Amino acid sequence: MHTRLITLRVWVPLLLVALYGFALFVKSDRFSMTPFREAQTAITSYYMAKGESPFLAYEVPVLGEPWAVPMEFPLYQWVLAKLGGENIHVIRWVGRILSLLFWFGCLYLAYLISGHAPIGMEERRWFVCLLAAAPALVGYSAALLIESFALFWALGYLWFYLRVRQRPTIGLVVITCLLGLLASLSKPTTWAPFAGVIILATALDLFVGFRDRVSIGALFAKSVRAGVIVCVPLIAGFMWVKYGDSVKIENPLAQGLTSESLSSWNYGTLAQKLSPLVWGVILAKQWILLFGFAAILLPFVLCAGAWRSMLKMPDYRSAVWLLLAIAGYFSAPVVFTNLHFRHDYYLFANGFFLIAAFVLALGILRTWLTPKWIQAAYVLTLISAVSVSFGYIGLRKSLSEPVEEVVIREVLALKQPGPVIYLGFSWSSKIPYEVERRALMLDINNPKHPKYQEAVALNAHHPWAAVVVARPEYDLIAIDLAERLGIEFPYEKEIWPGARLLSREPIVDAEVPLEQHPLLGRIQARLDGRDIKSAGIVYTHNPLMPDPHGESFFELMLRRGDDLFFIDAKEWSLFRIRGFFSED
């Protein structure tokens, strides 16, 4: 047993070092884990570093003037601006390293928190190892995101709350409130599950206090402390959201990003909350992205652990800790259902609790199973998580968006200075960040739309250098736009089938006929004659279901909205082609 433990202590750190090296250094010259969010964070820091953006009403200059679109409180962005400077490549690297450093801080805080739990030292070490190997947590901790930054403050908030329970001094309460405030301002969706656990823990404390006939004064003081610890961050977060809304409302294109407008997007609909399909997707996706395929063990371990903990009554500590961990995990998708359905990185808000529940349950099961079985469960889960981490991160890092890449190359080649207008490219900051130009990104293709007219009027005084048109459906808007701005864009170049670059100055190689991208030919050959009208899988090729056009062991095409996703094992890439199905 001693030799086996020494072996584990050698190969587990080596495996994790290899995993984090892969996550940090492979294809590190671009945003790939979630380009939309990474670029949004980076572009804010870039303009702060240039001195062109204020702190509170900070700019995300992609929706025209007024440029300010404050989302989360910009503390992470400000730190990144100070450390990264004005070079977009340096910002990309510094942002990732900063995120990773805060994640390592999260692992340390998780270890400290586990010291308060009714588990032994071996469970505490495995808890940190499983957190460090979880696919989603590894991948996004090495991305330019605020997730680990917000989680760091939330874990500190929980740790100091546990210290307040042991030694309720005013100083500890103040520190707890400050950490909760930082967590709430950084990302309310990350702070919320931790606040929920504190509320539930306090309620259980009060229940036990009443049962044990603790004095009313002591119970009242405990409830007041917990109320202050929860309400201070809650009020601060609410005030920040209201301030952000008051700024965004000034921009006609940002009005759809206020808290009220995004209510159904953030919280989901009642139908979603009651849908077995939605919950099946959330749970299956999140469990695999935390444990790999060893997630199949999770329900059995949790149920067995809960059952064994009930047998240990009246020593209820294990049962209470397990209940709090499970409640903390489920509270996030119960409240923010659509966010957890749509995005993987929201696991930073609740993944900590599910891994904690798994470890707590295995700790409880030590009274029933031999140490060999417990260690086997940990080793299997770790190997599964690391294996899926390499695959998941590799897939995300293989992301290629050919249309955006062409647009970036062509805009970088423009000699005319000035901001650029993009028609039909959503409001992703990726292109404006990479070309280092402010932008007006319009998805409206009706020239009579009042928000379009208002946005153009607010931005008519800017020296727009070019217009990029994503698809023919925006041609009418491009003509109307030039008339309203009073600017001629006489030079034109087709840069992608249906996509055009219009410029005030001559364009390099504008007369060269556009050649079909080889990727489009491969895709079209596979989709000819197929039903591609509905969302979902539109093409597949694998050893069990071979297709004559398949060129590798695995190919999969998926339609989501008007976009095509193509997993291509031949190129080892995940392609995303925006607007591919727009003509349908």
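About the thresholds
- Numbers given for residues are sequential positions, taken from 1 along each chain in its written order.
- pLDDT decides what is reported in this predicted model: residues at 70 or higher carry local features, side-chain atom pairs at 80 or more are listed and counted, and totals for whole chains, interfaces and linings draw on all residues regardless.
- Note that the side-chain values use all heavy atoms of the structure and ignore hydrogens as well as water.
- What counts as a helix is a DSSP run of H or I of at least four residues, what counts as a strand is a run of E of at least two, and both are numbered from the N terminus.
- Here the term buried applies to any residue with accessible area under 20% of the maximum for its type, exposed to any over 50%, and partly exposed to those in between, with areas from a 1.4 Å probe on protein chains only.
- In this analysis, two residues are considered to be in contact whenever any of their non-hydrogen atoms come within 4.5 Å of each other.
- The accessible surface values rely on the Shrake-Rupley method and a 1.4 Å probe; as for residues, cover is taken only from the protein chains in view.
- Just so you know, the count uses Lys and Arg for positive and Asp and Glu for negative, and it drops His and the chain ends.
- To locate a charge, take NZ of a lysine, CZ of an arginine, CG of an aspartate or CD of a glutamate.
- An axis is simply a line fitted to the C-alpha atoms; with a helix, the fit covers only the stretch in contact. Between two such axes, the angle follows the N-to-C directions and lies from 0 to 180 degrees.
- Left-handed describes a crossing in which the near helix is turned anticlockwise from the far one by less than a right angle; the clockwise case is right-handed.
- We call Asp, Glu, Lys and Arg charged. Ala, Val, Leu, Ile, Met, Phe, Trp, Tyr, Cys and Pro are nonpolar, and the rest, Gly among them, are polar.
- For two strands to count as paired, DSSP must find a minimum of two bridges between them.
- Whenever a carboxyl oxygen of Asp or Glu lies within 4 Å of a side-chain nitrogen of Lys or Arg, that contact is scored as a salt bridge.
- When an angle is under 35 degrees it counts as roughly parallel; over 145 it counts as roughly antiparallel; between 65 and 115 it counts as roughly perpendicular; any other value is oblique.
- What we call a nonpolar core is a set of buried Ala, Val, Leu, Ile, Met, Phe, Trp, Tyr and Cys residues that are connected through their side-chain atoms within 4.5 Å.

Student: I'd like a description of the overall build of the protein chain, backed by residues and values.
Tutor: Broken down by element type, the protein chain carries 23 helices and ten strands. In terms of overall dimensions, the protein chain has C-alpha extents of about 80 × 60 × 45 Å along its principal axes. Expressed as a percentage of its 584 residues, the buried residues of the protein chain come to 56%. Counting only contacts in the protein chain whose residues sit at least 6 apart along the sequence, the fraction spanning at least 24 positions is 70%. For the protein chain, the accessible surface area stands at approximately 25500 Å², while carbon and sulfur atoms represent 66% of it. Between the averaged position of the 52 positive side-chain charges in the protein chain and that of its 47 negative side-chain charges there is a distance of 14 Å.

Student: Lay out the packing of helix 2 (residues 35–49) against helix 4 (residues 88–114) with the relevant residues and their values.
Tutor: In the contact formed by helix 2 and helix 4, the axes pass within 10 Å of each other and the chain directions differ by 115°. Like other packed secondary-structure pairs, helix 2 and helix 4 cross with a definite hand, here right-handed. Judged by residue contacts, Glu38, Ala42, Ser45 and Tyr46 of helix 2 engage Ile88, Ile91 and Arg96 from helix 4. Class assignment for the residues of the contact of helix 2 with helix 4 results in four nonpolar, one polar and two charged.

Student: Break down unusual backbone geometry for me, with residues and values.
Tutor: Each neighbour pair has its own omega, and for Glu65 with Pro66 the value is -5°, a cis peptide bond. Its location among the elements puts Pro66 in the loop between helix 2 and helix 3 (75–84). The phi dihedral of Trp572 is positive, around 50°, even though this residue is not glycine. With respect to the helices and strands, the residue Trp572 is situated in the loop between strand 9 (563–568) and strand 10 (573–577).

Student: Talk me through the environment of Pro419; I want residue IDs and the actual numbers.
Tutor: Relative to the helices and strands, Pro419 is located in the loop between helix 19 (402–412) and strand 2 (420–423). Overall, Pro419 belongs to the buried group, its relative accessible area being 11%. For Pro419 and Gly64, which are 355 residues apart along the polypeptide, the C-alpha to C-alpha distance reads 9.3 Å. Ignoring anything within four residues of it in the chain, the contact list for Pro419 reads Arg437, Arg438, His462, Pro463, Trp464, Ala465 and Ala466.

Student: Can you break down the sheet that holds strand 8 (residues 555–560) residue by residue, with the values?
Tutor: Within the open sheet, the five strands sit side by side as 1-10-9-8-7. Their pairing is mixed. Pairing within the sheet leaves two strands with one partner each, and these edge strands are strand 1 (399–400) and strand 7 (536–541). Across the sheet, helix 19 lies against strand 1 and strand 10, angled at about 75° from strand 10, the strand it touches most.

Student: Please give an account of the pattern of salt bridges that cites residues and values.
Tutor: In total, this model carries 30 salt bridges according to the counting rule given. Its salt-bridge partner being Arg438, residue Glu52 comes within 3.0 Å of it at the nearest N-O pair. With Glu52 in the loop between helix 2 and helix 3 and Arg438 in the loop between helix 20 (430–435) and strand 3 (439–442), this pair connects stretches of sequence that are 386 residues apart. The exposure class of Glu52 is partly exposed, given its relative accessible area of 33%. A residue is classified by how much of its surface remains accessible, and Arg438, at 16% relative accessible area, is buried. The partner of Asp562 in a salt bridge is Arg559, with the nearest N and O atoms 3.6 Å apart.

Student: Provide a residue-level description of the environment of Phe352, including the pertinent values.
Tutor: For Phe352, the position within the fold is in helix 17 (residues 347–364). Given a relative accessible area of 6%, Phe352 falls into the buried group. In this structure, the C-alpha to C-alpha distance between Phe352 and Val60, residues 292 residues apart in sequence, is 31 Å. Contacts of Phe352, omitting those with residues within four sequence positions, involve Ala110, Ile113, Phe127, Leu131, Leu155, Leu158, Phe194 and Leu347.

Student: Residue-level account of the pairing of strand 10, with values.
Tutor: Along strand 10, five of the five residues are buried, which leaves the element largely enclosed by surrounding structure. Of the two faces of strand 10, the one lined by Ser573, Phe575 and Ile577 and the one lined by Leu574 and Arg576 are each fully buried. Pairing geometry for strand 1 and strand 10, over two bridges, is parallel. Of the residues in strand 10, the one forming a bridge with Ser400 is Phe575. Where strand 9 and strand 10 come together, five bridges link them in antiparallel fashion. Each bridged residue has a counterpart across the sheet, and for Phe566 the counterpart in strand 10 is Phe575. Linking strand 9 to strand 10, which pair antiparallel, is a turn of four residues; within it Trp572 sits at a positive phi near 50°.

Student: So, the packing of helix 14 (residues 298–311) against helix 17: which residues are in play, and what are the values?
Tutor: For the pair helix 14 and helix 17, interaxial distance at closest approach is 8 Å and the crossing angle is 55°. Relative to helix 17, the element helix 14 lies oblique. Crossing of helix 14 over helix 17 shows left-handed handedness. Side by side, helix 14 and helix 17 meet where Leu298, Val301, Leu302, Gly305, Arg308 and Ser309 of the first sit next to Leu354, Ala357, Phe358, Ala361, Leu362 and Ile364 of the second. Looking at the contact of helix 14 with helix 17, its residues break down into nine nonpolar, two polar and one charged.

Student: Quick one: what's the story with the sheet that holds strand 5 (residues 491–496), residue by residue and with numbers?
Tutor: The strand order 3-2-4-6-5 describes an open sheet built from five strands, whose pairing is mixed. Each edge of the sheet is formed by a strand with only one pairing partner; in this case those strands are strand 3 and strand 5. Neighbour-to-neighbour, the strand axes of this sheet turn through a mean angle of 15°, independent of strand direction. In the packing of helix 22 (residues 475–485) onto the sheet, the strands contacted are strand 2, strand 4 (466–469) and strand 6 (499–503), and the crossing angle to strand 2 comes to about 150°.

Student: Please give an account of the side chain of Ser400 that cites residues and values.
Tutor: Looking at the secondary structure, you find Ser400 in strand 1. Apart from the residues within four sequence positions on either side, Ser400 is in contact with Arg30, Glu405, Leu574, Phe575 and Arg576.

Student: Residue-level account of the nonpolar core, with values.
Tutor: Generally speaking, a soluble globular protein has its nonpolar side chains buried in company with each other. Judged by nonpolar contacts, the single largest core of 190 residues is most densely connected at Trp103, Phe352, Tyr422 and Leu423. Take this core: its biggest share by element is 14 residues, from helix 17. Beyond its immediate stretch of four places on either side in the chain, Tyr422 contacts Val407, Val411, Ile431, Pro432, Val435, Ala439, Leu440, Met441, Leu442 and Val468.

Student: Hey, could you go over the environment of His343 for me, with residue numbers and the actual values?
Tutor: Tracing the backbone through its elements, the reader meets His343 in the loop between helix 16 (337–342) and helix 17. Expressed as a C-alpha distance, the spacing of His343 and Gln286, which sit 57 residues apart in the sequence, is 9.9 Å.

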